[in-house]
Amino acid sequence: MNSKDYSDIRVELNSNSIFLVKKNSYFILLAMMSLILILTLIFALSMGRYSINFSTIIKVLISKLIDINIDWSITEQQVIESVRMPRILVAGLCGASLALGGSALQGLFRNPLVGPQVIGVSSGAAFGGVIAILLMLPDFYIAIFAFLFGVIALLVAMMIAKSGGGKNVLSLVLAGIVTSAFFTSLVSLVKYVADPNNTLPSIVYWLMGSFNESRYTDVIYILLPLLTVGIIIFKMRYVINILSLGEEEASSMGVNVNFSRWVILLSTAILIAASVSVSGIIGWVGLIIPHFARMIVGSNHGKLIPISMFIGAIYLILVDVFARTVSYGEIPIGVITAIFGAPIFAWLLYKSQLRGWRHD
Amino acid sequence: MKTKLKILTLCAATLWSLPSFAATYPITVTDVAGRTITFNQPPQNIALSTSRIFPLLEIIYQQDAAKHLVAARNDMQVSAPSMYANYIKHYPSLKNVAKIGLIKSGEFDAERFINLKPKPDLFIVDLSNIKLAQDNGLLKKLAAAGIKVIAVDFRENPIKNTVRSVESVAKAVGREAQGQAFAHYYLDHVAELQKKLAQYPNLKPKKVFIERAAGYSDSCCRTFANGNMGAYIPFLKAINIADKPLDGAVTGQMSPETVITAHPDVYIMQTTGWVNDKGQPTHGIPLGYNPNPAAIKAATSALMDRDWLQAVSAYQTKNVYSIYMPFYNSPYNLVAMEYFAKWIHPNVFKDLNPEKTFEEMNKQFGHRIVSGDFGQNNFKAMQ
């Protein structure tokens, strides 16, 4: 789709941001975000219950690029490389995925209160994961089941929406709520029949979300869908802009509303399911991060999507740092994102006065 | 020690053979929950809230153990498959025992239980479920139906409650001599451990970590502080690194990094070969009866391959071990205690033989010859 055709829309969408982001300053913003992300990553590597000097962390990282004199212990190296690094990468990628999914869905539904849970994907993925745990399947299957059931949940929601004869956004939201409720009740049923000594704690802990056992293989599991879907959604950024103006306007501008909607929905479903499969259920990220980004760059998805991803990654890395340093055990990520998310969301609503959605 | 054992065995055999020692009813028993239960006649049909405590019946009834079991939860099948296979082989009638649900999860159907044929007249319930059964009115329902309930405990406070549990059940069913024989054996072995430790007053306390249900799920690390197998650690003059983080709780979660930071000298994986409903192996190290060395090696390697584990000091000194998990809920928990003693203080307990203790207990109390792999050094197992 030619971006020139929609320059007037982009001007309107940009004007809704708190800070008016011009083209040059946007690239500066991207560079700043990249720098903040790198600094967050280094900060996260230096935080933890095992005390490691900041200089040691820098040296261990540099040693991957050039040969330098090793003056650190094997334990320090393993803590950095095997314990902290994989989980930081997974946390960052999950944060980016959830934020990307959230911003795409909010644009599609023209509603800032929409999150991944609205289309039922989170509940479906949760059910898939707990079924795998209940059946005592190898850990790899937890990810596969979560992913498959996440996508199945979306397809169920689509079928319900279609069978109701509704082609509009509202019927899909209602179908999503129905699907979500159905899969949530199935999760409750699984929890009821699970053995409370071993299976139930595993289910509960997984459902609350954690990067505790993140490995480099998980980085690949989340990176591949993020890259694929990220490209698709970014290619459709202008379509999302038009869809966020309303279905009638979009149709009149030659957009195939139905096809575009399903492509975006399926893409975000894949993203969310992939995220749930490696980390369990992490709420609020897909809801609040796009808001935050919208306050900075406005509602133009060409700018909103990359900034959302950066903020999502930074946010979830910091939340994970908090989760693993605040106590001897590990506070589940989902618990922290909910505790932080609710007041942050309230503050964002107050600050923005739903700025960026005035054209609705 | 050997002479003492022979005398004890002889005494026990004599006691068992004398009808004059048959208990006179009514009998009042105090269980480990502090409840007093009066029996007007010896119970014949017994139900177990967890089938993994079946060895308790074997200690009391020997070869007649299965004849007295009418209902049990099927947790042995899933959580201790090698144990189940071993017992099924010896007691085929165990296959036909009525299955009951777990009290804790609300699966237990009181109405169905009361109407079982043959009807249970004694329900042996583990301590973790007894309070719940009291609070939700289950004990009243069972009492009204004429079913007596005794609480036993081999897991929450094993050192204090194992002997008391065996003795109370043995007394209730009119086989006090068997309970006393077990008590003598158990307490003698515990005293022997204490005596050995007392000979080394300047022993440097080792730091120990137990990973609960290792291999069951991806997340690490669930552990025990002052209860379950965690109770063996202070008893063996060692430090449980989970004591401070768990802050009074029996069980809880520690992050891998917290474990690394604590620098444990000894790392013990509490594990078993879990299976699904079809009996196919799924998780964990399949220690136990009739071991499969190849399967044990593969499962051990998988658990030892976790990246973060290599940063643990016990890994670097090759002091990572595995213990057969079902011992945490069994009167044979003495065997686990001896393994712990050997691993924590190898120089002090170099002559200790937990495998022999297990075989001896089975032979003496269950009249069965059994063996298996119930504890291992993970590095040796991978060779």
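Residues numbered from 1 in each chain as written. Chains lettered and ligands numbered in written order. Predicted model: local features only at pLDDT ≥ 70, side-chain atom pairs only at ≥ 80, totals over all residues. Heavy atoms only, no water.

Q: Would you mind showing me how to read the pattern of salt bridges here?
A: Close approach of charged atoms allows side chains with opposite charge to pair. Residues and elements named next belong to chain B. On inspection of all chains with the given rule, the structure shows 13 salt bridges over all chains. The partner of aspartate 64 in a salt bridge is lysine 67, with the nearest N and O atoms 3.0 Å apart. What makes aspartate 64 partly exposed here is its relative accessible area of 33%. (Salt bridge = Lys/Arg side-chain N within 4 Å of Asp/Glu carboxyl O. Buried < 20%, exposed > 50% of the residue type's maximum accessible area, 1.4 Å probe, protein only.)

Q: What should I look at first to understand the sheet that holds strand β12 (residues 266-271) of chain B in this one?
A: Sheet strands pair by backbone hydrogen bonding; their relative direction is either parallel or antiparallel. Residue and element names in this part refer to chain B. Spatially, the 5 strands line up as an open sheet ordered β10-β8-β12-β16-β18, and their pairing is mixed. On the outer flanks of this sheet lie β10 (239-240) and β18 (375-377), each paired with one strand and no other. Both β12 and strand β16 (residues 320-324) contribute to a ladder of 5 bridges, which runs parallel. Within β16, the position partnered with methionine 269 by the bridge is serine 322. (Pairing = 2+ DSSP bridges. Helix = DSSP H or I, 4+ residues; strand = E, 2+ residues; numbered from the N terminus.)

Q: Help me understand the interface of chain B and chain A in this model?
A: In many reports, interface size means the accessible area that the parts give up when they come together. Each partner contributes residues to the interface: chain B has 41 residues there, and chain A has 33 residues. In total, chain B and chain A occlude about 3100 Å² of area from one another, counting both sides; carbon and sulfur atoms represent 49% of this. Counting across the chain B and chain A interface gives 2 salt bridges. Between Arg324(A) and Glu257(B) there is a salt bridge; the shortest N-O distance is 3.9 Å. (Contact = heavy atoms within 4.5 Å. Buried area = accessible area lost by both parts, 1.4 Å probe.)

Q: Is there a simple way to explain the domain arrangement of chain B in this structure?
A: All names here are of chain B. One can read the domain layout of chain B as domain 1 (20-176) and domain 2 (200-381). Between the C-alpha centres of domain 1 and domain 2 there is a distance of 27 Å. In this assembly, 27 residues from domain 1 lie in contact with 29 residues from domain 2. Roughly 2500 Å² is buried in total at the junction of domain 1 and domain 2, and carbon and sulfur atoms are behind 54% of that figure. When the shortest N-O distance is used, the salt bridge between arginine 368 and glutamate 58 registers 2.6 Å. At the surface where domain 1 touches domain 2, the tally comes to 11 residue pairs in polar contact (both at pLDDT 80 or more). Among the elements that line the side of domain 1 that touches domain 2, the one with the most residues is helix α5 (residues 81-90), at 6 residues. Classifying every residue of the side of domain 1 that touches domain 2 by side-chain character gives 14 nonpolar, 9 polar and 4 charged. (Domains from an automatic or database assignment. Polar contact = N/O pair within 3.5 Å; in protein donor to acceptor, adjacent residues only side chain to side chain. Nonpolar A, V, L, I, M, F, W, Y, C, P; charged D, E, K, R; others polar.)

Q: Please clarify how empty space enclosed by the protein should be interpreted in this entry.
A: Sizing a probe to match a water molecule and rolling it over the atoms shows the empty space that remains. Residue and element names in this part refer to chain B. Tallied over the full model, the rule gives 7 cavities of 30 Å³ or more. Size it by volume and the largest cavity reaches roughly 170 Å³. As for the largest cavity, its lining consists of 14 residues, and the residues nearest its centre are Ser51, Arg73, Tyr84, Leu94 and Val97. Of all the secondary structure elements, the ones that give two or more residues to the lining of the largest cavity are β4 (69-72), α4 (75-79) and β5 (98-99). A class-by-class count of the residues in the lining of the largest cavity yields 8 nonpolar, 3 polar and 3 charged. (1 Å grid on protein atoms, 1.4 Å probe; cavity = no way out; pocket = protein on both sides within 12 Å on 5 of 7 lines; lining within 4 Å. Points joined across faces, edges and corners; volume = space filled by probe spheres on them.)

Q: Explain the nonpolar core here, please?
A: When a protein is soluble and globular, its nonpolar side chains tend to lie buried together. By size, the foremost hydrophobic cluster in this structure holds 217 residues, and its most contacted members are Leu265(A), Phe54(B), Ile124(B), Tyr267(B), Phe327(B) and Phe340(B). No other element matches the 17 residues that helix α4 (residues 74-109) of chain A contributes to this core. Composition of this core by domain shows at least three residues from each of domain 1 (20-176) and domain 2 (200-381) of chain B. Contact partners of Phe54(B), with chain neighbours within four places excluded, come to Leu48(B), Ala65(B), Ala66(B), Leu69(B), Met76(B), Tyr87(B), Tyr91(B) and Leu94(B). Membership of the second largest hydrophobic core comes to 23 residues, among which are Ile103(B), Ala110(B), Ile130(B) and Leu138(B). (Core = buried A, V, L, I, M, F, W, Y, C linked by side-chain atoms within 4.5 Å.)

Q: Mind showing me how you'd approach helix α16 (residues 333-344) of chain B here?
A: Residue pairs three or four apart in sequence face the same way in an α-helix, which turns once every 3.6 residues. Taking 1.5 Å of rise per residue, 12 residues should cover 16 Å, and α16(B) covers 17 Å from first to last C-alpha, within 8% of that figure. The buried fraction of α16(B) amounts to 11 of the 12 residues, a majority that puts the element mostly inside the structure. (Expected span 1.5 Å × (residues − 1).)

Q: Before we go on, may I ask you to explain the confidence of the model for chain A in this structure?
A: The predicted structure's coordinates, where accompanied by low pLDDT, should not be read in detail. In the predicted model, chain A carries a mean pLDDT of 83, and the fraction of residues at 70 or more is 88%. Within chain A, no element has a lower average pLDDT than helix α1 (residues 7-14) of chain A, which sits at 47, and none a higher one than helix α14 (residues 301-325) of chain A, at 94. (pLDDT = per-residue confidence, 0-100.)

Q: It is not clear to me how the sheet that holds strand β3 (residues 46-48) of chain B should be interpreted in this structure. Could you clarify?
A: Residues and elements named next belong to chain B. Overall, parallel pairing links the 5 strands, which are arranged β5-β4-β3-β6-β7 in an open sheet. Single-partner strands in this sheet number two, and they are β5 and β7 (148-152). Bridge count for β4 against β5 is 2 bridges, and the pairing is parallel. Across the sheet, alanine 72 pairs through a bridge with lysine 99, a residue of β5. Packing against the sheet, helix α2 (residues 54-61) makes contact with β3, β4, β6 (122-126) and β7, and its axis sits at approximately 150° to β3. Strands in contact with helix α9 (residues 158-172) are β6 and β7; relative to β7, the strand with the most contacts, it is inclined by about 160°. (Axes fitted to C-alpha atoms, helices over the stretch in contact; angles between N-to-C directions.)

Q: Looking at this model, I keep getting lost on the packing of aromatic side chains. Mind explaining?
A: For any pair of aromatic rings, the description consists of the separation of the ring centres together with the inter-plane angle of the planes. Evaluated as defined, the whole model comprises 31 aromatic pairs over all chains. Taken together, a centroid distance of 5.1 Å and an interplanar angle of 55° make the contact between Phe108(B) and Phe113(B) tilted. For the pair shown, Phe108(B) and Phe113(B) are each scored as buried. The interplanar angle of 10° and the centroid separation of 4.7 Å between the aromatic rings of Tyr321(B) and Trp343(B) together place this pair among those described as stacked. With Tyr321(B) in strand β16 and Trp343(B) in helix α16, this residue pair connects regions lying 22 residues apart in the sequence. Here Tyr321(B) falls in the buried class, since its relative accessible area comes to 8%. Of the aromatic side chains, those joined through ring pairs into one cluster are Phe54(B), Tyr87(B), Tyr91(B), Tyr289(B), Tyr324(B), Phe327(B), Tyr332(B), Phe358(B) and Phe374(B). Seen from the ring of Tyr26(A), Lys303(A) lies directly overhead, with NZ or CZ sitting 5.5 Å from the centre. Residue placement shows Lys318(B) over the ring face of Phe379(B); its charged tip is 5.0 Å from the ring centre. (Phe/Tyr/Trp six-rings, centres within 6.5 Å; stacked < 30°, edge-to-face > 60°. Lys NZ or Arg CZ within 6 Å of the ring centre and 35° of its normal.)

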